[in-house]
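Residues per chain are reported as follows:
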Amino acid sequence: MSRIKSACVIDDDPLYNFGIKKLFEFTKFSESSLFFQNGHEAIEALSLIENDQFPEVILLDINMPIMNGWQFLEEYEKRNLKRETKIYVVSSSINQEEIDRANAYSFVDGYVFKPLTLEKVKELKEKVEKNHPG
């Protein structure tokens, strides 16, 4: 059983989301997971979630329609949703400016390069569980 109760993936690619679901199942990453197609969907849903149900990990894509990852981070900060949640920006971009921009947010815990592999998911799980109070 995972010590991570809930994880959230925000990405507009259905194939990627399917792969992540499988990796989560295989690694027993979290007890439950939420998937959103864009930042707007995610921010609206997350705004309604109680503290004890709030995801402990958010994997956030940058390039999405409607509300991209940067806009999501701005809105997340504005709505003061910053809980004990670990947010990882997940992108295929190796642009140093984007990496620096993501890391400039005090509540972003890291930048992970796509594609997410079994090893990367296992490492993330270990990192989150190591820093998890529960």
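Fair warning: this is a prediction, and the values are worked out from it, not measured in the lab.

Regarding the sheet that holds strand 4 (residues 86-91)
Right, so step 1: The sheet built from 5 strands is open, its strands ordered 2-1-3-4-5 with parallel pairing. This sheet does not close on itself; its edge strands, each paired only once, are strand 2 (32-36) and strand 5 (108-113). The sheet shows a mean angle of 20° between the axes of neighbouring strands, taken without regard to direction.
Right, so step 2: Where strand 4 meets strand 5, 5 bridges bridge the pair, whose relative direction is parallel. Within strand 5, the residue paired with Ile 87 across the bridge is Val 108.
Right, so step 3: Against the sheet, helix 1 (residues 14-27) makes contact with strand 1 (6-10), strand 2, strand 3 (57-61) and strand 4, and its axis sits at roughly 160° relative to strand 1, the strand it touches most.

Criteria and cut-off values
Residues numbered from 1 in each chain as written. Predicted model: local features only at pLDDT ≥ 70, side-chain atom pairs only at ≥ 80, totals over all residues. Heavy atoms only, no water. Pairing = 2+ DSSP bridges. Helix = DSSP H or I, 4+ residues; strand = E, 2+ residues; numbered from the N terminus. Axes fitted to C-alpha atoms, helices over the stretch in contact; angles between N-to-C directions. Contact = heavy atoms within 4.5 Å.

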